[in-house]
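# Analysis of the macromolecular model
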Amino acid sequence: MQSILEARALSKRYGSTLALNNVDLTLPKGKIIGLLGPNGSGKTTLLKIVAGLLTPTNGIVLVDNQPVGEGTKALISYLPERTYLPDWMTVEDCLEYFTDFYADFDMARAREMLSRLNVPANKRMKQLSKGTREKMQLVLVMSRRAKLYLLDEPIGGVDPATRDYILDTIIGNYDNEATILISTHLIADVEKVLDEFLFLKEGVITMHDTTDNVRETQGKSVDELFREVFRC
Amino acid sequence: MAWQFNSSRPIYQQIVDEIELRILNSTYEMGMRLPSVRDLAVLAAVNPNTMQRALAELEEMGLVTTQRNTGRTVTTDETAVSRARDSKANLLAETFLMQMKALGISRQEVISRLAKGEDKEGEHAVNS
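Rules used throughout
- Residues numbered from 1 in each chain as written.
- Chains lettered and ligands numbered in written order.
- Predicted model: local features only at pLDDT ≥ 70, side-chain atom pairs only at ≥ 80, totals over all residues.
- Helix = DSSP H or I, 4+ residues; strand = E, 2+ residues; numbered from the N terminus.
- Expected span 1.5 Å × (residues − 1).
- Buried ≥ 20, exposed ≤ 12 C-beta atoms within 10 Å, placed from the backbone.
- Contact = placed C-beta atoms within 7 Å.
- Domains from an automatic or database assignment.
- Nonpolar A, V, L, I, M, F, W, Y, C, P; charged D, E, K, R; others polar.
- Axes fitted to C-alpha atoms, helices over the stretch in contact; angles between N-to-C directions.
- Left-handed = near helix turned anticlockwise from the far one by under 90°.

### Observations regarding helix 6 (residues 160-173) of chain A
Every α-helix carries 3.6 residues per turn, so stepping three or four residues along brings you back to the same face. Relative to the 20 Å expected for 14 residues at 1.5 Å per residue, helix 6 of chain A spans 20 Å between its end C-alpha atoms, a close match to the ideal helical length. Looking at helix 6 of chain A, one finds that the buried residues are Tyr-165, Ile-166, Leu-167, Thr-169, Ile-170, Ile-171 and Asn-173 of chain A. Those residues of helix 6 of chain A that are buried lie in contact with helix 4 (107-117), helix 5 (130-142) and strand 8 (179-184) of chain A together with helix 2 (37-44) and helix 3 (48-60) of chain B.

### Thoughts on the interface of chain B and chain A
Opposite the 15 residues of chain B that make contact, chain A presents 19 residues. Of the residues forming the side of chain B that touches chain A, the biggest block, three residues, is contributed by helix 2 of chain B.

### Some details on the domain arrangement of chain A
Residue and element names in this part refer to chain A. The domain boundaries assigned to chain A delineate domain 1 (1-19 + 51-71), domain 2 (74-175) and domain 3 (207-232). Each of domain 1 and domain 2 has a C-alpha centre, and the two are 25 Å apart. Domain 1 puts six residues into the contact, and the matching count from domain 2 is seven residues. Of the residues assigned to the side of domain 1 that touches domain 2, the class counts are four nonpolar, one polar and one charged.

### Regarding the packing of helix 1 (residues 11-24) of chain B against helix 4 (residues 78-102) of chain B
All names here are of chain B. Closest axis-to-axis distance for the helix 1/helix 4 pair is 10 Å, and the angle between their directions is 115°. As helix 1 packs across helix 4, the resulting crossing turns out to be left-handed. Packed against helix 1, whose contacting residues are Glu-20, Ile-23 and Leu-24, the element helix 4 presents Val-81, Ala-84, Arg-85 and Lys-88 at the interface.

Laid out in structure tokens, this is it:
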């Protein structure tokens, strides 16, 4: 199977803290994959390195067989933990901003999704609620025709109805050539949309398997397995 | 409303069961065109690959067929449907009998209880 992401001997050190410790990783094309781990396990660090926003201390990362750099940024659509849309921008401004920045941005798709949200195009970001701003950001990110989507905690801190909207948006826009890597610690909510999952513990990948396989061989959900593995 | 799944079995198997049930009780009528994989995935709130896998399994069971132009439809083959109903019913009966045996209830008592259950069902129907 062709891989979209490969990491070899990847490490990241912040001072005396080892955030990622010798990570080896191969992710296939066309899958939705959960990056699961407790707070502080290195999820955001890993995503930022793949997105090209952090330089690793050691090791290499290939996205679609290219080293991370300008070329791979065009292939990756990244949703950071916090939204970065400036307060003064209107919804329409944001759409134009993404059109300018990304050749693969699908305006029609974005407008279609936004219409379901009932957000007027002339509203400014600061007039929107936190939840709506997060949904807006996700719509922008998912409206790109990228090969690899990196979603950092897309459902953290939103209400259950918004969570459903977000998961719907992810499922409904997924095309089966692309891979989506979703980091979260809210596993029960996300599990049924995942093909595969990774457990990240203190900067080390301790498990990489398919969700079906865990249920078939162990008769339990990934959520249950997570609670056992990460019991405090 | 998203479909409910338990945590002990693979989700694609639970989808197969759910769609099979809908075909057996004619919620999905014979010959009916099924929604696309993506739409079904959104309805059930599951991964499209998982839905794809479930539909492939249903095709193998002969309950769903793929036509080149019309997409997926529920089979029009009555023998395939009655075969599926038969094996489902057998499975339920076997499970039930095993559980009764585990409770220490004799075959004879099981039969008389079933008959009583049928009477009760009849009474309820009259009263309601």
